[in-house]
Every structure is written in structure tokens, then in C-alpha cells.
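Below are the chains, spelled out letter by letter.
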Amino acid sequence: MHLRCARILAVLCCLASFTQPASAQQTGSISGKAVDTGGAILPGVTVEASADVLPSARVTTTGAHGEFSLPALPPGNYTVTFTLSGMLTVTRKAQVQLSQDTVVDAELGVQGVSETVNVTASATLIDKESASVKSGLSSEQISGLPVAQEYRDLIRLIPAVQFTQDQTRGPSAGGSGQDNVYQFDGVNVTLPLFGTLSAEPASHDVAQITVIKGGARAVDFDRSGGFSIDSVSKSGTSRYAGQFSYQFQTENMAADLTSGAQSRYQADRSWLDANVGGPILKDRLFFYGSYYRPENARNTRANLYGALPKYESTRDEGFGKLTFTPTRSVLINGSYRSSKRVDTSSADYASNAAASTGSGSENRQKIGIVEGSWVVNNRSYVTGKFTDFTLLTHGRPDNVANVTISTTPGTRLDLGNLDKLGLLTVPLPIAGQTAYNDFIQPLIGRYGYNVDGTATGGGTTGYSSTLFDNDDFFRQGGQVGYNLTLGSTMRHTVHAGYQRYVDSEDLERGSNGWGLLTVPGGRLSFQGQPYYFLAQVQEPATSGVSVIHSEYKSQSLEFNDSIAIGQWSFNVGLVASNDTLYGQGLKNDSSTLSGFVLATTPTDRRYKMYEIPWKKMMQPRLGATWAYNGKDTIYASYATYNPAANSLPRAASWDRNLFVTLNNYFDRNGVLIGTDPLASSSGKLFVPDLTPRTIYETLVGTSKQFNSHWSGRLYGRYRSGKHFWEDTNNTARLSSAQGGFNPPDGIPRELYIPNLDQQRAQIGSVLGPNVLSGSSYVIAELDGAFTKYYEGTLETEWKNDKAFLRGSYTWSHYYGNFDQDSSGVTNDANVFIGSSNIGDGAGRQLWNNRYGDLRGDRRHLLKLYGYHALPWNATAGIYAVAQSGQPWEAWSYEPYIALTTNTSDTARFAEPAGSQHTPSHWQVDLNYTQNVKFNSRYNVQIVGDLFNVANHQPGYNFQPAVHNSAFNTPRNYFDPRRFQLALRFQF
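Every chain is numbered independently, its residues counted from 1 as its sequence is written. Only residues with pLDDT of at least 70 are given local features in this predicted model, and only at 80 or more are side-chain atom pairs given and counted; all residues enter the totals for whole chains, interfaces and linings. Hydrogens are left out, water is left out, and the side-chain values use all remaining heavy atoms of the structure.

A.B. asks: Residues and numbers for the overall build of the chain, please.
C.D. replies: The helix count covers DSSP runs of H or I at least four residues long, the strand count covers runs of E at least two residues long, and both are numbered beginning at the N terminus. The number of helices and strands found in the chain is six helices and 59 strands. A globule of 987 residues ought to have a C-alpha radius of gyration of about 30 Å, and the chain, at 31 Å, matches this closely. Along the three orthogonal principal directions, the C-alpha set of the chain runs to about 105 × 65 × 50 Å. Classification of residues uses two cut-offs on accessible area relative to the type maximum, computed with a 1.4 Å probe and protein chains only: under 20% is buried, over 50% is exposed, and between them is partly exposed. Split into buried and exposed, the 987 residues of the chain put 57% on the buried side. Note on contacts: a residue pair is in contact if any heavy atoms of the two residues lie within 4.5 Å. Considering only residue pairs separated by 6 or more positions, the chain has 72% of its internal contacts joining residues 24 or more positions apart. Summed over all atoms, the accessible surface of the chain reaches about 38,500 Å², with 55% contributed by carbon and sulfur. Here the chain holds 82 positive side-chain charges and 85 negative ones, and the gap between their average locations is 3 Å. Atoms considered for the radius of gyration are the C-alpha atoms alone. The globule rule reads 2.2 Å times the number of residues to the power 0.38. Every accessible area reported is derived by Shrake-Rupley at a probe size of 1.4 Å, with residue values counting cover from the shown protein chains alone. In this count, Lys and Arg are taken as positive residues and Asp and Glu as negative ones, while His and the chain termini are left out. For the purpose of locating charges, the reference atoms are NZ of Lys, CZ of Arg, CG of Asp and CD of Glu.

The following block contains the structure:
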């Protein structure tokens with residue numbers, strides 16, 4: 001198989017020397033047909049496309065059937081000119097949309113006065129040659145809508161995709177919130193290994209966005225299990241232009257939360273951005289640059305301990321872009337974005353946490369891309385790009401404990417300064433425990449908070465135990481492609497491409513001082529000796545290695561043939577992928593049962609953990625479209641996707657327990673008695689020959705162009721997810737008498753890896769020859785794991801030069817027994833894909849009430865948004881959404897008490913999944929933009945955005961744990977009404 005793929009790659013490389021691919025670049029295209037006034041085709045017509053974003057005009061000629069295509073055009077507004085000797089010259093306006101084709105037809109009469117048509121052609125919901133469910137928004141449309149400042153805020157504009165306020169996970173769109181792919185300016189900014197949008201590029205530089213939600217072709221390596229979104233940034237133009245903008249929202253411009261909690265919008269916030277662009281070399285080289293600085297501050301805060309420090313968050317983000325056309329047929333773009341955000345003091349203090357316990361962070365983000373296209377001739381073009389994404393996240397306490405940690409018995413705590421050693425939990429008296437109460441009373445008097453003149457325990461003081469957490473993510477990749485058009489009566493548009501990238505993570509952690517300090521006060525003992533103080537410290541293990549490096553390498557080949565014959569278009573494509581996971585802590589050794597031995601030195605610890613071969617990830621893409629009357633369509637498609645996001649390079653790494661949490665026990669005088677490491681998750685072996693997670697999709701739909709302004713489409717979609725991987729007990733499928741969890745009939749009663757203990761023993765352990773290395777858990781494909789998604793969506797769009805309106809209604813049902821979105825206590829987080837709570841012990845197996853509606857299910861979803869240009873040089877925009885509530889279920893350990901002594905409710909379903917639902921949500925947002933022009937060169941904009949006009953704040957994310965005092969109450973509420981005002985100067 002490897003030899004076969006190598007041969008295919010060699011052929012592609014040869015092809016790339018004289019042709020190229022679509023969509024490897026941040027471009028769109030224009031195509032159409034030229035005829036005379038009698039409808040006869042006109043070959044040989046010269047077609048020229050010019051735009052202020054394209055340094056040199058692009059020229060082609062119509063073929064034997066009067067058809068033409070202008071690929072690899074930067075998105076923007078174009079003038080298309082048709083000329084033929086003896087015929088009049090015709091000019092058309094066209095708007096090129098990212099990754100979409102704009103159809104521009106022309107009718108040429110006998111020579112006379114040239115004709116200009118002012119109606120602008122643009123991409124619509126109708127695609128006569130593809131069954132993809134694709135939609136986009138231009139910069140004009142985005143600027144007319146009530147949209148906030150971050151890239152994440154644009155996602156809510158995607159039709160038929162749920163509205164969510166999660167700040168880490170993405171919305172569900174037929175998959176989990178970790179199944180989507182996010183590209184920013186052509187760079188994949190999806191968090192490596194986790195599949196979330198943890199990156200935070202701003203939206204102020206976005207010129208257009210395009211989303212593919214289903215029916216993907218084998219173009220641009222789409223492996224998304226949800227939706228795939230891409231954007232293109234603004235570019236310099238043939239004239240100098242720029243903008244300075246200042247937007248603000250004070251604390252008084254946001255309503256209170258109905259829950260009484262403090263909203264993230266109850267702060268003084270501002271957003272400053274400036275940009276400028278223009279020509280460097282006329283008709284050859286353009287530049288664009290921008291600067292962005294958001295600020296967020298909460299000035300007056302207090303709790304039981306008194307005044308709290310000011311919370312501040314500032315970010316500095318710079319961006320630069322060059323657009324170069326050395327010749328008319330070559331286009332090169334290069335851009336680089338760098339961002340630094342600093343947060344000081346905690347955004348949210350507990351009501352009983354001292355001011356000194358705050359923590360902050362410093363995050364850096366870098367996004368770079370170089371891409372190019374070469375139009376070889378009228379029938380072929382080549383594209384390629386290289387991308388670089390870096391996200392450096394550094395968490396830190398506001399105050400650093402100046403103390404040397406030693407785990408040598410006899411080490412002393414400084415009992416006179418416990419609030420300088422780490423995070424101290426002030427003890428509370430216990431009725432009937434006189435000796436204990438007498439011991440802790442002086443500590444309460446010194447470190448407690450004051451209530452009516454009395455010192456009270458139960459709070460936290462000292463320095464934050466927040467880890468010094470350096471978690472850095474990287475992605476570097478590149479791709480090349482080739483497109484070739486063959487034939488005329490039967491036209492083949494052939495695409496071939498190759499992509500390669502590497503995702504990696506470097507993680508380093510350490511505690512602040514003595515970490516978490518508690519006061520058992522002699523009520524508990526260690527090795528028969530009572531201890532009075534307990535310090536939990538996280539520190540590197542004895543391997544001498546302080547950084548866990550995880551790596552995921554992927555390469556893909558794709559081939560696609562779009563066949564057009566008469567009113568029919570067919571798509572036949574295939575994406576083939578090969579992924580390799582690399583962990584840390586072992587060495588590859590084919591002589592052992594497992595294929596590994598323990599790495600015993602600080603260097604040479606990287607090992608090849610698991611490889612998913614090409615033959616396991618063959619992803620066909622098939623589609624058919626019938627343009628039955630030349631403009632309206634009926635279409636169908638079938639596709640499979642193998643999502644690339646996978647956390648196992650770290651979650652299953654042998655060095656996962658590189659950082660050990662130590663319990664340090666001290667007597668009443670603060671003298672260290674001894675230490676005891678806490679059990680932690682460790683490396684895991686894989687069940688051989690796993691089938692990778694696969695999404696199967698079938699789509700059927702129809703689209704109609706009602707008139708030149710109004711189009712619509714109706715489609716049904718079915719997605720089925722199978723072959724889910726998870727870490728689980730090797731014994732999970734056995735009966736309870738054999739140490740398992742009593743699976744139902746149909747699941748084999750056997751170990752996942754029969755000789756697991758022999759493999760672990762052979763690998764070796766730093767603790768000695770008689771100690772098993774690694775975990776008793778394994779990475780397995782869970783028997784019968786599945787998700788299903790049914791969707792019916794109606795979309796419609798109306799637009800002209802002064803107004804735009806888009807609406808969608810979706811009925812959907814998302815259900816199954818594997819819910820990646822409901823696998824932890826905190827769901828809006830970077831949850832391990834392949835190593836969550838699912839399958840972890842008794843009560844968390846798929847047969848434990850897991851079947852039902854999944855967390856991402858929203859049975860009904862209605863979206864409506866648009867804008868209208870007003871006669872007094874202003875625009876008014878609206879965004880409205882209404883959707884069903886969020887499914888949830890009660891969690892309790894009690895139904896499984898016969899199988900476990902663990903009393904945690906977490907992820908132990910006490911009723912079928914999705915048995916409960918949160919309230920439905922609806923909201924309306926408004927935008928008003930007033931333009932004040934000063935001659936033809938300068939413009940001042942006054943912009944107001946009002947979000948959640950009715951201040952509708954239902955709760956969501958209910959507490960599911962039965963034994964939690966907050967059971968069946970919301971943990972979050974939809975954001976309150978808030979108003980933001982902006983002033984912009986444009987030239």
C-alpha cells in the first residue's frame with residue numbers, strides 16, 4: 001500500500017509541473033458563457049476581469065462552446081469586460097466569493113455603443129455543478145449586521161448551525177463541538193489535538209467567510225466531522241485606503257444577569273483598531289496592515305475578604321499582508337498575524353477568596369501563510385501554500401511563593417506565614433471535635449474573613465495554587481494542487497492534490513510553592529501517625545524530563561473529477577489519508593510483544609505510538625446535480641469523513657504521568673512526616689488494527705432561483721458516526737464476577753488485549769522489575785458506539801444593491817450513545833478526544849443509560865438576518881435566532897453502587913441520555929450604521945450594536961449531579977442585553 005501511494009504521489013508531482021488545484025488558495029472564480037443576440041455561442045471572445053484587489057487584470061478567451069473560466073481570483077468586486085472584433089463591448093459587474101464560483105454570462109450584439117450592466121452578479125444558493133451545501137458572506141454583508149469582535153462571533157451566522165455561547169468548544173453541526181474545522185485566512189487554527197477554537201483571531205480584518213456544511217468534494221482535504229469554515233482577510237488595493245476605529249462598552253451599558261451573578265460584560269470594555277493599505281508597486285504589489293487592541297477592565301469588586309484587585313485583560317494584535325502579481329497569470333499572497341494577550345488578576349473570584357489568590361495568564365498567537373497560484377493556460381492552473389500556526393499559553397499566579405520545596409522528612413513549614421506558601425484553605429470548626437477546633441482557632445483568627453466582627457473559616461487565602469502552566473501548540477503544513485479542464489461536450493474538471501502537516505503540543509507544569517494547603521488538624525493519619533497539615537504539590541517525576549511533547553502527523557492525497565454534460569453534473573472524488581501518532585516515554589522495539597520498551601534517558605523518548613494506514617482512511621466523495629431547466633437544480637451526494645482531531649498523542653503517552661501530584665504530610669509543628677504520590681493516569685496501549693472514527697453522510701436537496709434577487713434551497717441530510725475510540729478498562733467487557741461491568745448480549749465477554757499485563761511487564765518500569773508499567777486501561781474501539789443525525793433545512797436569500805436578507809429553518813435530531821459533548825464536569829473545555837470520562841469504570845459504559853438525545857441536539861432552529869440601506873446614507877441590520885433547549889440528564893453513582901465503591905456522580909447517567917431539556921432560547925440583535933461623508937475621500941461612521949434586545953436570559957448547562965446541592969439548576973445563563981458604540985474614520 002505504501003508503494004502504491006508513493007507512485008501516486010510521484011505522478012501528482014509530475015502533473016504539478018504543468019497544471020494545478022482549486023481551493024488551495026484563498027480565492028474564488030468567475031465563469032460563464034458568451035452568446036450573440038440570437039443565442040448562438042461565441043468562441044474567441046476576450047474576457048478581462050479587473051478589480052482593485054487584483055494588481056494585474058486577468059484575461060482569458062471563450063472556448064469552442066462560448067464558455068470561459070477565470071480561476072484563482074482574490075475575493076472582491078470585479079468588472080468583467082467582453083470584447084470581440086465586430087461586436088459591441090459588454091461590461092458586467094461581479095462579486096467574487098471565497099471558494100465559490102460566480103456566474104457571469106454576456107450577450108454581445110453587433111458593433112455599436114458599448115454596453116454596461118450595473119447589476120452585480122454574485123454567488124447564490126444555486127450551484128449547477130455541485131451538491132455541496134455551501135454559503136458565504138461578503139465584507140459588505142458582515143459590516144451591515146450586528147456582529148461582535150472575534151472570529152468566533154461570525155460562526156453564529158452559519159445557517160442551520162446551533163447558536164452557542166461556549167467560549168472554547170464549537171457548536172454542534174451533525175457532530176460534536178470538537179468536530180469542526182476552523183480556517184482563518186487559509187490557516188487551520190483549530191486547536192491541535194483537541195479540535196476546538198481556542199485561538200482568538202479578531203474579525204475586523206475579515207473580508208469574507210465561506211462555510212461548507214455538507215456534500216464536500218475531494219477538494220481542499222475536507223475531513224471535518226461537522227462544518228468547515230474559512231475566511232479571507234482584507235487586502236491592499238490600487239489606491240491608498242484605511243480606517244481608524246474606536247468601540248466601547250461601559251459597565252452601565254450592559255444589563256444585570258437575572259441570576260444575580262456578575263456577567264462578563266459588566267466591565268469597561270473597549271476595542272481599538274486601525275488599518276491602512278495600498279499599492280507599493282503599481283499594478284504589481286499591494287500591501288495591507290492593521291493593529292488591534294481590545295481592553296477589558298473591572299474596577300470595583302469586593303467579596304467577603306474585602307476589596308479585590310482590578311481585573312485587566314489587554315491584547316495587542318498586528319497583521320500584515322502582501323499581494324503580488326509578477327505576471328498576469330501568477331498571484332502570490334503572504335500574511336502574518338501576531339497577537340499577545342495579558343490577563344492580570346482572576347476574572348472571577350469566589351465569594352470567599354482573598355485578593356491575594358488571583359491568577360493570570362499570558363498568551364501569544366502567530367498565524368502565517370504564503371500561498372501562490374499560476375494560471376498555466378485557459379484549461380489548467382497550479383496552486384500551493386505553506387501555513388504556520390502557533391499558540392503559546394502560559395498560566396501563572398498573580399503572587400509567586402518564594403519558598404524552596406523539599407520532600408525530605410524533617411522539612412519544616414513556616415507556620416507563621418502559611419498565606420505565603422501556597423493556597424491555604426482556612427479550616428472550619430466541626431461540632432464535637434474539641435481538640436481539632438482548639439488547634440484551628442488561631443488559624444481562623446489569623447486567616448479567616450470577618451463577618452460582623454467575627455473571624456470565619458471556610459475561605460481561601462494566600463497565593464493561588466494555579467500551576468505554572470506552559471501549554472504550547474503548533475501546526476505547520478503545506479499543500480499543492482493541480483486543476484485541469486478537459487473536453488467540451490463532456491467537460492471534466494480534474495483536481496489532484498497532496499497535503500502534509502504536523503500538529504504538536506509541548507506541556508510543562510509546576511505548582512506555586514507548596515501548592516494546595518489544607519489543615520486536617522490531626523483528624524487523619526499517615527502510616528499510623530496523625531498529620532495536621534497537608535500540602536499537595538505537582539512536580540516532575542524522576543525521569544529528568546519536564547516537558548511532555550506530543551505529535552500528530554498527517555498526510556493526504558485527493559483526486560476529484562467534476563463532470564458536466566448537458567444539464568447534468570457529476571462529482572467523483574476520493575480523499576486518502578495516513579495519520580501517525582507520536583508519544584513520549586518509550587522506544588520502539590519490534591522484538592517485544594507490545595513493540596515498545598521503556599525510555600530510560602531524558603533524551604530519545606519520542607516513540608511512534610500508532611499509525612492509521614492509508615487503506616483505513618479512503619474517503620469517497622460522490623455527487624450528482626441536475627439543472628433541469630438550466631437554472632434550478634436537484635442534487636444528491638454521498639461522502640465519508642475521517643476527522644483528524646485526536647488527543648491520544650498526549651492522553652495515551654507513557655509520559656502522561658510525567659508530572660506527579662505529591663501529598664506531603666506535616667505534624668502539628670509543621671515538620672514533614674512523609675510523602676505519598678497520588679494515583680494518576682498513565683500511558684496506554686492500543687488494541688491492534690483499529691478502524692478510525694468515520695462519519696458517513698448522505699444528502700438530497702433542491703435549489704431554485706425565483707428571480708434575479710431571490711433564491712432558495714431545501715435539503716435533507718443524514719450523518720452516521722461510527723468507530724469511536726476511547727480509553728477504557730481492559731476488563732470492561734467481562735462480567736462483574738471477572739472484574740468487568742456486565743455488558744449486554746452482543747458484546748464479546750473478553751479482554752480487549754488478552755496479554756496486556758505481559759506486555760506492560762516486558763516494557764519495564766523505573767520502579768523495578770516487579771512493577772507493571774503504564775495503565776490497565778487500553779485504547780479501544782467501543783463496541784456499538786454510534787451517533788446519528790437527521791436534518792431537514794430550508795434556506796432562502798434575497799439581495800440587491802441596497803438590501804440583503806437570509807433566513808433558515810432547520811429540524812434536526814442528533815442522538816446516539818457516544819456524546820463527546822457530555823463527557824466531563826466542565827463541558828466548555830478542551831476535553832481529550834479518545835480519553836474522556838466515557839468508558840471509565842462502572843456506570844460510564846455505553847450500556848449505562850448512554851443511549852438518547854445528545855447534548856448538541858436542537859430539534860428546532862430558526863435564523864434570520866440581514867440589513868437595509870436607508871435613504872439618509874445609513875444602514876440598519878438585524879440578527880434573530882430561536883432554538884430548542886439543550887438536552888441533559890441526571891448523573892448519580894447510586895444505580896451502579898453494586899459495581900463500584902466510587903461515589904462520584906460525574907458522567908454516571910442515572911436516566912437515559914437527554915431525558916431533560918433546558919428552556920428554549922430566542923434573541924434579537926440590532927445594528928445601526930450612520931455614514932457622514934466629507935467629499936468623496938473621507939467618511940465618518942457612527943455604529944451602534946444592541947445585543948439581546950429583549951434581555952432574554954434563560955439558563956442552560958444545568959448541574960446534572962444528583963448529589964450536588966445545585967442539582968437541576970443552571971450553571972450558565974445567556975448573555976444580557978448590552979450596547980456597544982463605535983466611531984470610525986475612513987479614507
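A.B. asks: Hey, could you go over the packing of aromatic side chains for me, with residue numbers and the actual values?
C.D. replies: Describing an aromatic ring pair means giving the distance of the ring centres and the angle of the ring planes. Stacked, edge-to-face and tilted labels apply to pairs of Phe, Tyr and Trp rings (six-membered ring for Trp) whose centres lie within 6.5 Å, assigned for plane angles under 30 degrees, over 60, and everything in between, in that order. Applying the stated criterion to the full structure yields 39 aromatic pairs. Taking the centre distance of 4.8 Å and the plane angle of 45 degrees together, the rings of Tyr-956 and Phe-974 count as tilted. Of this pair, Tyr-956 sits in strand 57 (residues 955-958) while Phe-974 sits in the loop between strand 58 (970-973) and strand 59 (978-986), placing them 18 residues apart in sequence. Of the residues examined, Tyr-956 reaches a relative accessible area of 11% and is grouped as buried. A network of ring pairs unites the aromatic residues Phe-163, Phe-804, Tyr-865, Tyr-867, Tyr-879, Tyr-956 and Phe-974 as a single cluster. A ring is considered to have a charge above it if a Lys NZ or an Arg CZ atom is located within 6 Å of its centre and within 35 degrees of its normal. Its guanidinium or amino end placed over the ring of Tyr-879, Arg-156 lies 4.2 Å from that ring's centre, counting from NZ or CZ.

A.B. asks: So what's going on with the sheet that holds strand 43 (residues 685-686)? Residues and values would help.
C.D. replies: Pairing is mixed in the open sheet, where three strands are placed in the order 43-47-46. Of all the strands in the sheet, the pair left with one neighbour each is strand 43 and strand 46 (725-729). Strands pair, by our definition, only if DSSP identifies at least two bridges between them. Alignment of strand 46 against strand 47 (residues 777-781), held across five bridges, turns out to be antiparallel. Residue pairing in the sheet places Asp-727 in a bridge with Ile-779 of strand 47.

A.B. asks: Please give an account of helix 6 (residues 756-763) that cites residues and values.
C.D. replies: Those residues of helix 6 not exposed but buried are Leu-756, Gln-759, Arg-760 and Ile-763. Down the axis, helix 6 shows its buried residues gathered within 95 degrees of arc, on one side only. The elements touched by buried residues of helix 6 are strand 36 (586-588), strand 37 (596-598), strand 43 and strand 47. Looking one or two places after helix 6, you find Gly-764, whose phi comes out positive at around 100 degrees. An arc is given here, and it is the one of the directions from the helix axis to the C-beta atoms.

A.B. asks: Quick one: what's the story with helix 4 (residues 434-447), residue by residue and with numbers?
C.D. replies: Here, expected helix span is obtained from the residue count minus one, scaled by 1.5 Å. In a regular helix each residue adds 1.5 Å, so 14 residues correspond to 20 Å; helix 4 covers 20 Å between its end C-alpha atoms and thus fits that length. Two axes define the bend at a residue: one fitted to the seven residues ending there, one fitted to the seven starting there, and the bend is the angle between them. The sharpest bend along helix 4 reaches about 35 degrees and sits at Ile-440, with the proline Pro-442 one to four residues further on. Burial in helix 4 covers these residues: Tyr-436, Asn-437, Phe-439, Ile-440, Leu-443, Ile-444 and Tyr-447.

A.B. asks: An account of the nonpolar core is requested, with residue identities and associated values reported.
C.D. replies: Counting residues in each nonpolar core, the largest one holds 75 residues, and the members touching the most others are Val-189, Phe-227, Ile-229 and Phe-686. In terms of residue count, strand 38 (residues 606-612) provides more of this core than any other element does, four residues in total. What Val-189 contacts, discounting residues up to four positions off in sequence, is Tyr-182, Gln-183, Phe-184, Thr-196, Leu-197, Ala-199, Ile-367, Phe-389 and Arg-475. Remark: nonpolar core denotes a set of buried residues (Ala, Val, Leu, Ile, Met, Phe, Trp, Tyr, Cys) joined through side-chain atoms within 4.5 Å. Formed by 25 residues, the second largest nonpolar core is a distinct cluster that contains Ile-30, Ala-51, Leu-88 and Leu-108.

A.B. asks: Go over the confidence of the model for the chain, please, and point to the residues and values.
C.D. replies: Of all residues in the chain, 95% attain a pLDDT of 70 or more, and the chain-wide mean is 91. The quantity called pLDDT is the predictor's confidence in a given residue, expressed from 0 to 100. Between residues 1-23, whose pLDDT stays under 50, and residues either more than four places distant or in other chains, the model counts 54 contacts.

A.B. asks: I'd like a description of the pairing of strand 10 (residues 133-137), backed by residues and values.
C.D. replies: Strand 10 sits mainly inside the fold: five of its five residues count as buried. Where burial is concerned, the two faces of strand 10 agree: the one with Val-133, Ser-135 and Leu-137 and the one with Lys-134 and Gly-136 are both buried. By the bridge criterion, five bridges tie strand 10 to strand 13 (residues 206-214) in an arrangement that is antiparallel. For Gly-136, the partnering residue across the bridge sits in strand 13 and is Thr-210.

A.B. asks: Requested: an account of the pattern of salt bridges, with residues and values cited.
C.D. replies: Salt bridges are counted wherever a side-chain nitrogen of Lys or Arg sits within 4 Å of a carboxyl oxygen of Asp or Glu. Under the defined criterion, the tally for this structure stands at 38 salt bridges. A salt bridge links Glu-129 to Arg-491; its shortest N-O distance comes to 2.5 Å. In this pair, Glu-129 is assigned in the loop between strand 9 (115-122) and strand 10 and Arg-491 in strand 29 (residues 490-510), connecting sequence segments 362 residues apart. For Arg-315, the salt bridge identified is with Glu-150, shortest N-O distance 3.3 Å. Taken as a pair, Arg-315 in strand 20 (residues 311-324) and Glu-150 in the loop between helix 2 (139-143) and helix 3 (151-154) lie far apart in primary sequence, 165 residues in all. Overall, Arg-315 belongs to the buried group, its relative accessible area being 4%. Through salt bridges with shared partners, one network takes in Glu-150, Asp-205, Arg-315, Glu-317 and Arg-337.

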